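What follows is each chain in one-letter form.
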Amino acid sequence: ATPTALMVGTGRGAQLGILIKGPEVLESTRRIDTVVLDKTGTVTTGRMELHGVFPGEGTTEDELLRLAGALEDASEHPIARAVARGARERAGADAPPLPTPEGFENLAGFGVRGTVEGRAVQAGRVEGELPDGLEEARAAADAAGRTAIAVSWDGAVRGVLTVADTVKDTSAEAVSKLRRLGLSPVLLTGDNQAVAESVARAVGIPADEQSVIAGVLPEEKAAAVRGLQQRGRTVAMVGDGVNDAAALATADLGLAMGTGTDAAIEAGDLTLVRGDLRVAADAIRLARRTLATIK
Ligand code: ADP
Ligand code: MG
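Thresholds applied
Residues numbered from 1 in each chain as written. Chains lettered and ligands numbered in written order. Predicted model: local features only at pLDDT ≥ 70, side-chain atom pairs only at ≥ 80, totals over all residues. Helix = DSSP H or I, 4+ residues; strand = E, 2+ residues; numbered from the N terminus. Rg over C-alpha atoms; globule rule 2.2 N^0.38 Å. Buried ≥ 20, exposed ≤ 12 C-beta atoms within 10 Å, placed from the backbone. Core = buried A, V, L, I, M, F, W, Y, C linked by C-beta atoms within 7 Å. Contact = placed C-beta atoms within 7 Å. Pairing = 2+ DSSP bridges. Axes fitted to C-alpha atoms, helices over the stretch in contact; angles between N-to-C directions. pLDDT = per-residue confidence, 0-100. Near = placed C-beta within 6 Å. Nonpolar A, V, L, I, M, F, W, Y, C, P; charged D, E, K, R; others polar. Domains from an automatic or database assignment.

**Quick look at the overall build of the chain**
So, step 1. When helices and strands are tallied, the chain shows eleven helices and 13 strands.
So, step 2. Computed over the C-alpha atoms, the radius of gyration of the chain is 21 Å, within 12% of the 19 Å expected from 2.2 N^0.38 for a compact globule of 295 residues.
So, step 3. Each of the three principal axes of the chain carries a C-alpha extent, and together these read 70 × 35 × 30 Å.
So, step 4. Split into buried and exposed, the 295 residues of the chain put 49% on the buried side.

Have a look at this one:
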């Protein structure tokens, strides 16, 4: 009798906008008690905007934006797109095009580096202390839930850029639907703790150590899921990025945002076609119900 019931489940899934790889993937959903949510692109729109431009000593807003913008223009990361677009917009229509970097390198989970106008430039995660004046910019960004990016060249941090993303207007409802199913939500992100907590609060995830895991490197996301499993949790993971693929594969149930990257969709067991997080709750409910009719 089981195959028929599972077929019904997968057909209903398609109507809801859920693509299921194979009926067998639903087996694990019976015991799911934890839902790990990637932040950028899953809980938030992932469409970042450049907010603040803070040149340090010895540089200007224009130079900072030109060097960082040139580098970020070579990356597809949402932060990179925001910086490159912001640099172009602020330079104005009459400005010369952004220079092309040499020796460009993408440092997954960190940022980018390369040579621009003869300088070895790096833009990425803030690590350690910032020079005077820039520390305030970082603190203000943290308080506002924005991400601060450090821009360095010739061995020193030269300035800070801040970018912000918007929480999807469906995310809070999605989290409350997941909680009503008895699931504990966990926010998992490479972004910093302050930004992660601010997003958690905005969507109704407790901003505590158990529920917010921040500052995680792309290759550590799967380990974070495994850590929860080792503590006895049965984990569903929802993600959209290349950096979520291993975690989606590690989770007991991987749900990929249909709006996300191919790597995430391939790694997931289910795809939420419209990229609507509320459908994650529908998917888990549907799976439970389908399995209940089999039992
Ligand atoms: P998430 O887990 O939220 O999808 P990522 O793992 O892609 O985030 O990135 C983690 C952090 O690394 C970002 O918050 C940012 O500080 C830094 N970072 C990553 N890519 C870039 C980039 N292209 N430019 C600047 N900073 C970056
Ligand atoms: Mg993401």
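**Brief notes about the nonpolar core**
Soluble globular proteins tend to bury their nonpolar side chains together.
So, step 1. Judged by nonpolar contacts, the single largest core of 53 residues is most densely connected at Leu187, Ala236, Met237, Leu255, Ala280 and Ala283.
So, step 2. No other element matches helix H11 (residues 278–294), which puts seven residues into this core.
So, step 3. Apart from the residues lying within four places of it in its own chain, the contact partners of Ala283 are Gly13, Ile18, Leu255, Leu270 and Leu272.
So, step 4. Core analysis: the second largest hydrophobic core is formed by 34 residues, Leu64, Ile79, Ala123 and Val126 among them.

**Digging into the sheet that holds strand S8 (residues 156–164)**
So, step 1. If you walk across this open sheet you meet the six strands as S3-S8-S7-S6-S5-S4, and the pairing is antiparallel. The open sheet has two free edges, formed respectively by strand S3 (49–55) and strand S4 (102–107), since each of these has just one partner strand. Taken over all neighbouring pairs, the strand axes of this sheet differ in orientation by 20° on average, direction set aside.
So, step 2. Pairing between S4 and strand S5 (residues 111–116): four bridges, direction antiparallel. Residue Leu107 lies in a different strand from S5, and its bridge partner there is Gly111.

**Some thoughts on the confidence of the model for the chain**
So, step 1. Residues at a pLDDT of 70 or more form 95% of the chain, whose mean pLDDT is 92.
So, step 2. The ipTM value of the predicted complex is 0.94, and its pTM value is 0.83.

**Thoughts on the site of ligand 1**
So, step 1. The immediate surroundings of ligand 1 are formed by 22 residues, with Thr40, His77, Ala80, Gly111 and Gly190 found nearest.
So, step 2. Elements with a minimum of two residues in the shell around ligand 1: helix H2 (39–43), helix H4 (78–91), S5, strand S6 (119–124) and strand S7 (147–153).
So, step 3. Residue composition of the shell around ligand 1, grouped by class: seven nonpolar, eleven polar and four charged.
So, step 4. When residues of the shell around ligand 1 are sorted by domain, at least three fall in each of domain 1 (2–45 + 167–294) and domain 2 (49–164).

**Section: the environment of Asp276**
So, step 1. Looking at where Asp276 falls in the secondary structure, it is placed in the loop between strand S13 (270–272) and H11.
So, step 2. For Asp276, a count of 19 C-beta atoms within 10 Å puts it in the partly exposed group.
So, step 3. For Asp276 and Val199, which are 77 residues apart along the polypeptide, the C-alpha to C-alpha distance reads 17 Å.

**Observations concerning the environment of Val203**
So, step 1. By the element assignment, Val203 lies in helix H7 (residues 193–203).
So, step 2. Counting along the chain gives 58 residues from Val203 to Thr261, while the straight-line C-alpha distance between them is 24 Å.
So, step 3. When neighbours within four sequence positions are excluded, Val203 is seen to be in contact with Val43, Val167, Ser171, Ala172 and Val175.

**Topic: unusual backbone geometry**
So, step 1. Not every positive phi belongs to a glycine, and Glu117 is a case in point at roughly 50°.
So, step 2. Secondary-structure assignment places Glu117 in the loop between S5 and S6.
So, step 3. On the neighbour-count criterion, Glu117 (13 C-beta atoms within 10 Å) is partly exposed.
So, step 4. With a phi close to 50°, Asp154 is a non-glycine residue in the positive phi region.
So, step 5. When you line up the elements, Asp154 lands in the loop between S7 and S8.

**Remarks on the domain arrangement of the chain**
So, step 1. The domain architecture assigned to the chain consists of domain 1 (2–45 + 167–294) and domain 2 (49–164).
So, step 2. Domain 1 and domain 2 are separated by 32 Å when their C-alpha centres are compared.
So, step 3. Listed per partner, the contact involves twelve residues of domain 1 and seven residues of domain 2.
So, step 4. At four residues, H7 tops the list of elements feeding residues into the side of domain 1 that touches domain 2.
So, step 5. Residue composition of the side of domain 1 that touches domain 2, by class: five nonpolar, six polar and one charged.

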